[in-house]
Amino acid sequence: MVGIVGYGAYVPRYRIKAETIAHQWGMDPEAINRGLQLIEKTVPGQDEDTITISVAAAKNALKRAQINPQEIGAVYIGSESHPYAVKPSGTILIDALGIGPHVHVSSFEFACKAGSEAMYVAYSHVKSGEMKYALGIGADTSQGAPGDALEYSASAGGAAFIMGSEKVLAEILFTNSYTSDTPDFWRREGESYPRHGGRFTGDPAYFKHIMGAANALLEKSNMKPEDFQYAVFHMPNGKFPQEAGKRLGFTKKQLEVGWIVPLMGNTYSGSSPTGLAAILDVAKPNDMIFMVSFGSGAGSDGFIYRVTDELPKVQDRAPKLRDMLDKNKIHLNYGEYAKFRRKIKLNE
Amino acid sequence: MITARYHREIPQRYRLEAAKCSSCGNISFPPRLVCPECKARKFETIKLNDEGKLITYTVIRVASDKFSKETPFAVGIVELNDGVRLTTQIADAEPEELSIGQKVRLVFRRIQEDGKAGILCYGYKAVII
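As the structure is a computational prediction, the values presented were derived from the model and not from experiment.

What counts, and at which threshold
Residues numbered from 1 in each chain as written. Chains lettered and ligands numbered in written order. Predicted model: local features only at pLDDT ≥ 70, side-chain atom pairs only at ≥ 80, totals over all residues. Heavy atoms only, no water. Core = buried A, V, L, I, M, F, W, Y, C linked by side-chain atoms within 4.5 Å. Buried < 20%, exposed > 50% of the residue type's maximum accessible area, 1.4 Å probe, protein only. Domains from an automatic or database assignment. Pairing = 2+ DSSP bridges. Helix = DSSP H or I, 4+ residues; strand = E, 2+ residues; numbered from the N terminus. Axes fitted to C-alpha atoms, helices over the stretch in contact; angles between N-to-C directions. Contact = heavy atoms within 4.5 Å.

### Topic: the nonpolar core
Working step 1: Judged by nonpolar contacts, the single largest core of 61 residues is most densely connected at Ile4, Phe161, Met163, Leu276, Leu280 and Tyr305 of chain A.
Working step 2: For this core, the two domains that each supply at least three residues are domain 1 (3–168 + 316–340) and domain 2 (170–307) of chain A.

Here is the structure:
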């Protein structure tokens, strides 16, 4: 049996409300809320980035797994906001957590699905017998241009998953990836903010790839939506994952636990992984979980998990995602937010 | 260029590695070559507990150039559960939230940047728990 043996998530303490951003740009907050279904989003502190978020999430995963970090054979961090253009984020993480130096480390990039890529490769290493444990992380401090629709959603957070074959919390039963050349969202080298194709990001991109991976996964597993207790899809806004679930035949009840986007925003590479962490916080033995990520460019990774008897033993060993989202918040005004996100041009 | 010094201090700044004197048990953080208590030169490397309490703090409102955009922020002395005291910035806190004796945890954060194109330096800061 191969699957998740430790998981952990992290979101920063700072928030900005969608209505604060709407007021800044003269938009109707009601219309934004209706269209995107976003209440607020997380904002990284001035001293937080993909690396610090990854370390915080991975520490929580280690608390649950209670393994020797030296036995982790690979560390992959998926993000589109790696702090260095050249120097892998994982090199800093392994030294912070006491992993390695005999460890394979790499930074993954694939827009919003870099995290599920990291999980997939980590899982594959363990499944092949190449190593005992592998760590896959999805984390981001997402960028959204001032005034752009993305500014309402681009947030910060991440989740880490240790894959292994002993004391498995959630067994991975099936995977499927679906990829094509679809220019729905991109950022050219040297540009500060990504660009997107507006409405083109919907049907030809998000929905085509989510449905492509999801339908293949259902066919491969010979399962139906009603066979699952929980489902989570990439959450670029509140509306898309609900619509994807509806088109596939999942109910709102199956989606609601992992649907954390109204209070968190879109953590890009951390989006569906943090949704999965929220589900694992409450899932019970034998529950089935359906997960499909989406990364622009474009592609989706799908996973089917079955929860084991081990999960309830570790759920309380580290902070739960909903608690992190609901408690201990500091709300910023737009000026503070612009300073935190370095959107203000300063003298050198 | 701060690369060499930063790299040298990684075990302490990232993993809170301290030196426990093999002779008298005194813990030095950062590690020393000679024990300040008994002058012995043999140490065992230990990892400090990352939780403790706030002994005292001050709020920085006028900071040096490198940190001037982060004001106001607090710097305090934290006593960790194993008795070691260290000076650290207190992150994610409004100054009015702080009080002496509060429980804190050390977390991994970005400490400074070596200019716009230099290395990023990471280490510990305290947050209230």
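### Re the sheet that holds strand β1 (residues 17–21) of chain B
Residue and element names in this part refer to chain B.
Working step 1: The strand order β2-β1-β3 describes an open sheet built from 3 strands, whose pairing is antiparallel. Bordering the open sheet on either side are β2 (27–28) and β3 (43–47), each of which pairs with just one other strand.
Working step 2: Bridging between β1 and β3 involves 5 bridges; their strand directions are antiparallel. Bridged to glutamate 17 within β3 is lysine 47.

### Regarding the side chain of glutamate 171 of chain A
Working step 1: Along the chain, glutamate 171 of chain A falls in strand β8 (residues 170–182).
Working step 2: Looking at glutamate 171 of chain A, the relative accessible area reads 14%, which means it is buried.

### Section: the sheet that holds strand β6 (residues 133–141) of chain A
Strand pairing within a sheet occurs via backbone hydrogen bonds; the two strands may be parallel or antiparallel.
Residues and elements named next belong to chain A.
Working step 1: Read across the sheet, 9 strands follow the order β5-β4-β6-β7-β1-β8-β13-β12-β11 without closing on themselves; strand pairing throughout is mixed. The open sheet terminates on both sides in strands that have one partner only, identified here as β5 (104–108) and β11 (230–233). Sheet twist, expressed as the average angle between the axes of neighbouring strands with direction ignored, equals 20°.
Working step 2: Pairing of strand β4 (residues 72–78) with β5, which is carried by 5 bridges, proceeds in the parallel orientation. Among the inter-strand pairings, tyrosine 76 is bridged to a residue of β5, identified as serine 106.
Working step 3: Across the sheet, helix α5 (residues 114–127) touches β4, β5, β6, β7 (156–164), β8, β12 (288–292) and β13 (297–307), and the angle it forms with β6 is around 175°.
Working step 4: Across the sheet, helix α6 (residues 202–221) touches β8, β11, β12 and β13, and the angle it forms with β8 is around 140°.

### Here we look at unusual backbone geometry
Working step 1: With omega at 15°, the peptide bond leading from glycine 100 of chain A into proline 101 of chain A counts as cis.
Working step 2: Here proline 101 of chain A lies in the loop between α4 (89–97) and β5.
Working step 3: Following phenylalanine 29 of chain B, the chain continues to proline 30 of chain B via a peptide bond in cis, the omega torsion being 0°.
Working step 4: Tracing the chain through its elements places proline 30 of chain B in the loop between β2 and β3.
Working step 5: In this model, tyrosine 268 of chain A sits at a positive phi of 50°, which is unusual for a non-glycine residue.
Working step 6: Within the secondary structure, tyrosine 268 of chain A is located in the loop between α9 (261–264) and α10 (271–280).
Working step 7: According to the relative accessible area criterion, tyrosine 268 of chain A is buried, its value standing at 1%.

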